[in-house]
Structure formats: C-alpha cells, structure tokens
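# A structural walkthrough
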Amino acid sequence: MMKLQSSLFVILLVLPTSVSSCVTRWFDRDDPSGVGDFETTVDLRKEYPGQLCPHPIGIEAQTVDGTPAANTGQTFNPFNAVEGFACVNAAQKTGSCRDYRVRFICPPEFCAGCTTRWFDRDDPSGKGDYELIVDLRKEYPNEICTEPVAITVQTLDGTPSSQTGQTFAVFSAAEGFACVNAEQGRRSCRDYRVRFTCPPEFCSGCTTRWFDRDDPSGKGDYELIVDLRKEYPNEICDNPLAISVQTLDGTPASQTGQTFAVFSAAEGFACVNQEQTPGRKSCLDYKVQFTCPKSFC
Ligand SMILES: [Ca+2]
Ligand SMILES: [Ca+2]
Ligand SMILES: [Ca+2]
C-alpha cells in the first residue's frame, strides 16, 4: 500500500512538467501605483479576451524584469491558477509592491486550438533568416492575430528549432523569430519557418462588413474605431482580434507603399496626408474590416 501511494505521488509530481508545453504569454495589465499590482484572472480575461484558457492548471509570476515572485520577499493574495495574482501595497512589510507579470499553464488542447499557417518570408542568404512578426504582418495582412499566444519554429524540412543546435536572436510570440548568421560560428543559419498560436476565437471568428466612413479630402483618411462605433453602433465587437485594410478597389494597404499613423485592431486605421512621401500628394481612400470573436457573430 505504501509503495502504491509513493508511485502515485511521483506521477502527480511529474504531470505538471509534461503538460507545461502549453504556456500563455506573459500578462502585465497593472502596475503598483494605486492600491497594488492586480493581475487577476477576472481582469486579464476582460483585457485579453481568448488569450487565457477557461481552466488554467498553473500560474507563474515574476517581476517585469524577471525576478521570480518567490524571491522578492513580498506577500501575495491571491496567487493561484484560478484567481490569478495580486500584490497589495498595504500588505507589504516595507515599501510598495514591485511590478509583476504572470503567465499560466493551460491544458494542451488550448495551445493546439488555433494555429496560423507556416510563414517563410526570408532565407538566410543575407545577414540571417528573419521571420519577424512586424514584417510578416506587412506581407501577410490579417493572417496573424493581434496577440499571438505562442510561436513554433522549424526548418523548412521540419526539424524543430530546438534540435538544430543554432542560436536565435529573437524567438517570441510577440516579436517572431530571427537567426543571425554571424552568431552561428562557422555555419550560417538554416532556413526556418514559423507559425503562431492564436486565441481560439481567431480561427473561428467572423469578420464584420467593410467600413468606409471617411475619404482623404481633408487631413487624411480616418477610419478610427471610436468614430466607426458612433456611426455604426453594434456593428463592431468590443475587442476585435484583427483588422484588415484595403483601398476601395481592393488593394491591401500593405501594398500601397503609404505610411499609416494608426493601424491596429484596437484603434482602427488612419492615414495622414502630410505623412506621405513627397510627390504622392495624399492618402488613398481606404476601407477597414474587423475580425471578431465567434460569440459576436
Ligand atoms: Ca503588473
Ligand atoms: Ca525562412
Ligand atoms: Ca476611407
């Protein structure tokens, strides 16, 4: 009987590491300037819809500069996977709370939920293999969610990046991936491809109709979400997952060579005439479309 119990104990201990492959991004929605630093699951779900699984199985907290919460000597309540994390200034022995960020371990199904296709926009012939999210978004508009949860990287022939023995300059869901030839010793980087895990709603989401409320005759073409909401009440969800922008005749914004003052799912879009390169007098006339969670459709 004793023996059975101890082997059960070992299995329980091992389980969390074996499922730890599904880890959310770091969340830092608050800072300790008010009552304290509140990173609770209720608030995080509101602010980052779809990015936190319904039933997290673990939580990790650290200061924004990377010190584990357990090493700061501060007191937290709550600090668990169900309620999340809070540090209350008044509860600390000395000083106020440091600024913490948290991430969660989710059931594997959550990570498996919604992945983009593979992207391979660069090869290592120049300085290295650059698959940065900022470039990918330009080249493949609307194919990557606003806040990816995870990134997967492999060589073009399918070898996971972790098995190539190479060093990577950038490797994160927020920034994408870069392998720099000069950092690899005698060999150059292999050619990698990347894909992103997005909130489940991103793949099953729906798109709104196209909106075109402004034209560039004044200061520019303003398709800001705050104005669109006023003009078209209830037609745009509270937290769009992505935005698409095209000219009225269907050319993706990324292919027009123009500069945009605003371009985000949260704020919408703006093109300012004065910011365009000389010779190209004013902005083209653009229309925008939003991707919303399935629950909105
Ligand atoms: Ca914080
Ligand atoms: Ca590549
Ligand atoms: Ca317009």
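Below is a summary of the structure that appears in this document. (Residues numbered from 1 in each chain as written. Chains lettered and ligands numbered in written order. Predicted model: local features only at pLDDT ≥ 70, side-chain atom pairs only at ≥ 80, totals over all residues. Heavy atoms only, no water.)

## Notes on the coordination of the calcium ion (ligand 3)
To be explicit about the condition: Here the term donor refers to an N, O or S atom within 2.8 Å of the metal (or 3.2 Å for Na, K and Ca), and because water is left out of the atoms, sites may appear incomplete. Helix and strand assignments follow DSSP, with helices taken as H or I runs no shorter than four residues and strands as E runs no shorter than two, numbered in order from the N terminus. For every residue, the accessible area obtained with a 1.4 Å probe (protein chains only) is divided by the maximum for its type, and the residue is called buried under 20%, exposed over 50%, and partly exposed between those limits.
Those donors, Asp212 (OD), Asp214 (O), Asp221 (OD), Asp221 (OD), Glu223 (OE), Asp285 (OD) and Tyr286 (O), are the protein atoms that reach the calcium ion (ligand 3), and they lie 2.3 to 2.7 Å from it. Counting residues between consecutive donors of the calcium ion (ligand 3) along the chain gives the motif D-x1-D-x6-D-x1-E-x61-D-Y. Taken together, the residues aspartate 214 in the loop between β11 (206-207) and β12 (220-224) and aspartate 285 in the loop between β15 (268-272) and β16 (286-292) connect sequence positions 71 residues apart. For aspartate 214, a relative accessible area of 22% gives the class partly exposed.

## Quick word on the coordination of the calcium ion (ligand 1)
For a metal with four tetrahedral donors the ideal donor-metal-donor angle is 109.5 degrees, while six octahedral donors give ideal angles of 90 or 180 degrees. Around the calcium ion (ligand 1), the donor atoms from the protein are Asp28 (OD), Asp30 (O), Asp37 (OD), Asp37 (OD), Glu39 (OE), Asp99 (OD) and Tyr100 (O), and they sit 2.2 to 2.8 Å away. In this structure glutamate 39 comes out as buried when scored by relative accessible area, which is 0%.

## Structural notes on the sheet that holds strand β14 (residues 262-264)
The line we're drawing: Think of it this way: DSSP has to see at least two bridges between two strands before they count as a pair. Axes here mean lines fitted to C-alpha atoms, for a helix over just the part in contact, with angles spanning 0 to 180 degrees between N-to-C directions.
With respect to topology, three strands assemble into an open sheet ordered β12-β15-β14, the strand pairing being antiparallel. On the outer flanks of this sheet lie β12 and β14, each paired with one strand and no other. Going across the sheet, the axis of each strand differs from the next one's by a mean of 15°, ignoring polarity. Here β14 pairs with β15 via three bridges, running antiparallel. Residue pairing for β15: phenylalanine 263 is matched across the bridge by phenylalanine 269.

## Observations regarding the pattern of salt bridges
Test applied: Criterion for a salt bridge: a side-chain nitrogen of Lys or Arg within 4 Å of a carboxyl oxygen of Asp or Glu.
By the definition in use, this model includes 12 salt bridges. For arginine 29, the salt bridge goes to aspartate 43, with nearest N and O atoms at 3.6 Å. Taken as a pair, arginine 29 in the loop between α1 (2-18) and β1 (36-40) and aspartate 43 in helix α2 (residues 41-47) lie far apart in primary sequence, 14 residues in all. The exposure class assigned to arginine 29 is partly exposed, which follows from its relative accessible area of 25%. By relative accessible area, aspartate 43 is classed as partly exposed at 22%. A salt bridge links glutamate 143 to arginine 117, with the shortest nitrogen-to-oxygen separation between them at 2.7 Å. Of this pair, glutamate 143 sits in the loop between α4 (133-139) and β7 (150-155) while arginine 117 sits in the loop between α3 (108-112) and β6 (128-132), placing them 26 residues apart in sequence. Residue class for glutamate 143 comes out partly exposed when judged on its relative accessible area of 31%. Overlapping salt bridges bring together Arg29, Asp43 and Glu47 as one network.

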